[in-house]
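Chain and residue survey
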Amino acid sequence: MNILSIETSCDETSVAIISAAGGIAAPKVKVLSHTTLSQIQIHQKYGGVFPHLAQREHQKNLVPILIKALEEAHSASSLQKDGQAGQARSASSGQARSTSFRSTQCKQMNIKPSVIKKIMKILEREPLMLEAFLKHLPDLVRPPIDVIAVTNGPGLEPALWVGVNFAKALGELWGIPVIPVNHMEGHIASAIFTKNKKCLQFPLLALLVSGGHTELVYSKKWGQYTRIGETRDDAAGECFDKVARMLSLPYPGGPEISHLAAGDRKKFPLRKKKYNLPSPMIHSKDYDFSFSGLKTAVMYTLRKIPSITKKIKREIAREFEDAVVEVLVSKTKKALEMYPVKTLIAGGGVIGNPLLRKKLTEIVKGFPKITPHFPPTTLATDNALMIATAGYMDIAADKTTLKKKFSIKAFGNLKL
Ligand code: KG4
Ligand code: ZN
C-alpha cells in the first residue's frame, strides 16, 4: 500500500511517501521519499514558533514539497525496478510498488469542473496555497497513492489546518481517501525505525517528550492508549527552550543546551550540584512530571550571578539537563517496574537528547524481557515519515479505516 503523508503541526513542513506492508507486528516500510523543510531560521528571531508565520510558510511550502516528493518517489520506484532499491532511502526492507510516480511530467486532462470547485471551497482560507495548487497540481497524472495520512493534532491549530486542508484538496483531486493521524501516535510510530530488528510487541510503554508534551503512555494494542503520567505544567522540550532563552541561546533550545552540557561533562566527568537545581517530583508516587519549578530555579540562580560567563552557562546547562533527564528516566523506570510491558518506546524531539537516550538505554538493560525501540535522532523531531507510518498502522489495526468517511478537523489539543 502506498501512503502519502503531510505534517504541519508546528514549524516543520514535511511530506513523505511510503510503501508499507507486513501489518502491526512486523511492519515493513519502504521510504520512497521524505522531505522536511524547517522554518527554524524564520522563527528564531522571535525566540519561539509564531503560529501565523508558521501557517503562512506551510502554505508557501506544501505544493513545491509535494512535487519534489513525487519526483523522488518516482526515482525510488524506478530504481526498485532496476534492482537497485538499496540506493533509495530505506528505513527497513520492504516491498515498494514499481508503478510510476512520474506525475510531474505528464499532463492530465479531464478534471471535472465540479472537482475544481470543491478544491476552491476547501482551500478558500489558504489563498496563497490555492493559487499554487491550481497552477501546478491539476496537470499531474494521478500518482499510485492509495491513501493520504495527515496530522490533525495536537499542535498549533492555524498550522494544522493548512496541512488538513491541503490533504483534503489532494484527496478530492485524486479521488482517494484521507485519514487523520494523531501527531503523538506518529511519535510512537517513529520507533519502528529503531536499529534493532525485533518486532513491536505489546503491551508497550511510550515515553513521549516534545515541545508540547511530556507523557508516559501504556498501550495493550495499537490505537488504545492509557496516559499513566503527564506534565502538570511545562513540557520538557518547552522547558529546554525557555531555559535556553534565559541563557541567551537560540531557538530551539534543546540541542543548544545539550551541546553546552556535553562540553561541561567532558571537562568534568563527575556530576557536581553546584547550583542546587531541583529534580521536581522525582520522589512522587505517581508518574507525573513538573518542570516549571526547575525553570524558575534556573531564573533565580541566574539573577543572583552578576556576570554570566560561558563557563557558568555550561555548568547551568549541564545541571539543568541532568535534572530533567533524571526525572524522565526515574519515572520511566518506575513505570517499567509496575506495568507488564514487552517494549519501551521513546519518541518526540527531546529523545534526540544524547544523555536521555544513553540513560534510557542503561535502564532497559535492567529489564532483559523489555526491548527498547528508539527512533534515530533524525526521526525524533517532527516529520511526515512518522505520520505515514502511524497511518499505515491505523489501517493495519482496523480494516474499516479506509472505508470510514472522516470529516477531518484540526484539534490543537487532540489527545491520544
Ligand atoms: O517533537 P518536536 O520536534 O516538536 C513538537 O511536537 O513539539 O520537539 C521539539 C522539541 C523542542 O522543544 C526542542 O528544544 C526539543 O524538542 N529538542 C531537544 C533536543 N532536540 C530537540 N531537547 C533536548 N535535547 C535535544 N537534543
Ligand atoms: Zn512532535
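Notes on the structure follow. Note that the structure is predicted; figures quoted are calculated from it, not measured. Residue positions within a chain follow its written sequence, with the count starting from 1. Think of it this way: whatever chain is written first is A, whatever ligand is written first is 1, and the rest follow in order. Note on the predicted model: pLDDT of at least 70 is required for a residue's local features to be given, and 80 or more for side-chain atom pairs to be given and counted; whole-chain, interface and lining totals, by contrast, use all residues. Each side-chain value is derived from all of the structure's non-hydrogen atoms; neither hydrogens nor water enter the calculation.

Let's talk about the overall build of the chain
Which entries qualify depends on this criterion: A run of H or I in DSSP becomes a helix once it reaches four residues, and a run of E becomes a strand once it reaches two; helices and strands are each numbered from the N terminus. Here the globule rule reads 2.2 Å times residues to the power 0.38, and the radius of gyration is calculated from C-alpha atoms. What makes two residues a contact is simply this: any of their non-hydrogen atoms within 4.5 Å.
In terms of regular secondary structure, the chain is built from twelve helices and ten strands. On C-alpha atoms alone, the chain measures out to a radius of gyration of 22 Å, which is about the 22 Å that the 2.2 N^0.38 rule sets for 416 residues. The dimensions of the chain, computed from C-alpha atoms along their principal axes, are 70 × 45 × 40 Å. Considering only contacts within the chain whose residues lie at least 6 apart along the sequence, 77% involve residues at least 24 apart.

Topic: the layout of surface pockets
For clarity, the cut-off: Using a 1 Å grid laid over the protein atoms alone, points where a 1.4 Å probe fits but cannot get out form a cavity; open sets with protein on both sides within 12 Å along at least 5 of 7 lines form a pocket; any residue with an atom within 4 Å of a point counts as lining. Grid points are joined across faces, edges and corners, and a volume is the space filled by probe spheres set on the points. Lys, Arg, Asp and Glu make up the charged group, whereas Ala, Val, Leu, Ile, Met, Phe, Trp, Tyr, Cys and Pro make up the nonpolar group; the residues left over, Gly among them, are polar.
Reported here for the largest pocket is a volume of approximately 1,200 Å³. Contributing to the lining of the largest pocket are 48 residues, with Cys10, Ser210, Gly211, Gly212 and Asp241 lying nearest its centre. Every element with two or more residues in the lining of the largest pocket is listed here: α6 (183-189), β7 (214-221), β8 (224-230), α7 (236-246) and α8 (253-267). With six residues, the single largest contributor to the lining of the largest pocket is α7. Looking at side-chain class alone, the lining of the largest pocket contains 15 nonpolar, 22 polar and eleven charged residues.

Structural notes on the site of ligand 1
Threshold: A molecule or strand has a residue near it when one of that residue's heavy atoms lies within 4 Å. We define a polar contact as two N or O atoms separated by no more than 3.5 Å, with the added condition that, inside protein, one atom must be a possible hydrogen donor and the other a possible acceptor, whereas residues neighbouring each other in sequence contribute only through side-chain atom pairs. Note on areas: Shrake-Rupley, 1.4 Å probe, and residue coverage restricted to the protein chains presented here. Criterion for pocket placement: a molecule counts as inside a cavity or pocket if more than half of its atoms are within 2 Å of its grid points.
Around ligand 1 sit 20 residues, and of these Gly211, Asp241, Gly254, Gly349 and Asp382 come closest. Within the backbone of glycine 349, an N or O atom sits 3.0 Å from an oxygen atom of ligand 1. Within the contact set of ligand 1, a nitrogen atom lies 3.1 Å away from a side-chain nitrogen or oxygen of asparagine 353. Contact with the protein chains covers 89% of the free accessible surface of ligand 1, which is 550 Å². Taking a 2 Å distance to the grid points as the criterion, the majority of the atoms of ligand 1 fall inside the largest pocket.

Quick word on the coordination of the zinc ion (ligand 2)
Our working rule: Keep in mind that water is not among the atoms, so a site may look incomplete; donors are the N, O and S atoms within 2.8 Å of the metal, or 3.2 Å for Na, K and Ca. Accessibility here uses a 1.4 Å probe with only protein chains present; expressed as a share of the type maximum, an area under 20% marks a residue as buried, one over 50% as exposed, and anything in between as partly exposed.
Looking at the metal site, the zinc ion (ligand 2) is ligated by His183 (NE2), His187 (NE2) and Asp382 (OD), spaced 2.1 Å from it. Within one chain, the residues serving as donors to the zinc ion (ligand 2) are arranged as H-x3-H-x194-D. Taken as a pair, histidine 183 in helix α6 and aspartate 382 in the loop between β10 (371-373) and α12 (384-397) lie far apart in primary sequence, 199 residues in all. With a relative accessible area of 16%, aspartate 382 lands in the buried category.

Observations concerning unusual backbone geometry
In the segment running from glycine 153 into proline 154, the intervening peptide bond is cis, with an omega of -10°. Looking at the secondary structure, you find proline 154 in the loop between β4 (147-153) and α5 (157-174). The amide bond that connects phenylalanine 202 to the next residue, proline 203, takes the cis arrangement and shows omega of -5°. Position of proline 203 relative to the elements: it lies in the loop between α6 and β6 (204-209). Positive phi, close to 60°, is recorded for serine 248, a residue that is not glycine.

Some words on the sheet that holds β10
The pairing of strands in a sheet comes from backbone hydrogen bonds and takes either a parallel or an antiparallel form. What counts, and what does not: By the convention used here, strands pair only if DSSP detects at least 2 bridges between them. Axes, fitted as lines to C-alpha atoms, cover a helix only where it is in contact. Angles between the N-to-C directions of the axes lie from 0 to 180 degrees.
Judged by pairing direction, the sheet is mixed, and its five strands sit side by side in the order β8-β7-β6-β9-β10 without closing on themselves. Where the open sheet ends on each side, the last strands, each with one partner, are β8 and β10. Strand-to-strand twist in this sheet, taken as the mean axis angle between neighbours without regard to direction, amounts to 20°. Here strand β9 (residues 343-347) pairs with β10 via three bridges, running parallel. Bridging from a neighbouring strand, leucine 344 pairs with proline 372 of β10.

Observations concerning the side chain of asparagine 61
Looking at where asparagine 61 falls in the secondary structure, it is placed in helix α2 (residues 51-81). Residue asparagine 61 is classed as buried on the basis of its relative accessible area, which comes to 10%. Those residues in contact with asparagine 61 that sit more than four places away from it in its chain are Thr13, Leu37 and Gln39.

Points about empty space enclosed by the protein
For the structure on display, the rule yields one cavity of 30 Å³ or more. Taken as a whole, the largest cavity spans an internal volume of roughly 30 Å³. Every residue lining the largest cavity is listed: Asp264, Lys272, Lys274, Tyr275, Glu315, Arg318 and Glu319. Counting residues per element, the lining of the largest cavity draws most heavily on helix α10 (residues 310-338), which supplies three residues. Considering only residue class, the lining of the largest cavity consists of one nonpolar, no polar and six charged.

Re the environment of histidine 259
Along the chain, the position of histidine 259 falls in helix α8. Placed 210 residues apart in sequence, histidine 259 and valine 49 show a C-alpha to C-alpha distance of 21 Å.

What to know about the nonpolar core
Under the convention used in this document: We call a set of buried Ala, Val, Leu, Ile, Met, Phe, Trp, Tyr and Cys residues a nonpolar core when their side-chain atoms join them within 4.5 Å.
Counting residues in hydrophobic clusters, the biggest one holds 53 residues, and the most contacted among them are Phe320, Leu328, Leu356 and Leu360. Those elements giving two or more residues to this core turn out to be β6, β7, α7, α8, α9 (292-304), α10, β9 and α11 (354-364). Top element by residues in this core is α10. It accounts for twelve residues. If we ignore the near neighbours within four places in the chain, the residues touching leucine 360 are Leu207, Val329, Thr332, Ala346, Ile351 and Phe374. In this structure, Val15, Leu32, Ala167 and Trp174 belong to the second largest nonpolar core, which totals 38 residues.

Some details on α10
Selection rule: Given a helix with a known number of residues, its expected span is that number minus one, times 1.5 Å.
Between the first and last C-alpha of α10 there are 42 Å, a value that for 29 residues agrees with the 42 Å anticipated at 1.5 Å per step. In terms of burial, α10 is largely enclosed, as 21 of its 29 residues are buried.

A closer look at the pairing of strand β5 (residues 178-182)
Two faces belong to every sheet, and in a regular strand the side chains alternate between them. Put simply, the rule is: The crossover handedness rule: strands pointing away from the viewer, path from first strand over the helix to second strand clockwise, crossover right-handed.
β5 sits mainly inside the fold: four of its five residues count as buried. Viewed along the sheet, the connection from β4 through α5 into β5 turns out right-handed.

Regarding the packing of aromatic side chains
Under the convention used in this document: Planes of paired rings set the category: under 30 degrees apart is stacked, over 60 is edge-to-face and the rest tilted, where pairs are Phe, Tyr or Trp rings (Trp by its six-membered ring) whose centres lie within 6.5 Å. Think of it as a cone above the ring: NZ of Lys or CZ of Arg counts as a charge over the ring if it is within 6 Å of the ring centre and within 35 degrees of the ring normal.
Scanning the entire structure with this criterion turns up seven aromatic pairs. Ring plane angle 80° and centroid distance 5.1 Å describe the contact between phenylalanine 240 and phenylalanine 320, whose orientation is recorded as edge-to-face. Separated by 80 residues along the polypeptide, phenylalanine 240 in helix α7 and phenylalanine 320 in helix α10 bring together distant segments of the chain. With respect to class, phenylalanine 240 is no different from phenylalanine 320; both count as buried. Following the ring pairs from residue to residue traces out a cluster consisting of Tyr218, Tyr287 and Tyr339. A cation sits over an aromatic face here: lysine 334 above tyrosine 287, 5.4 Å from the ring centre.

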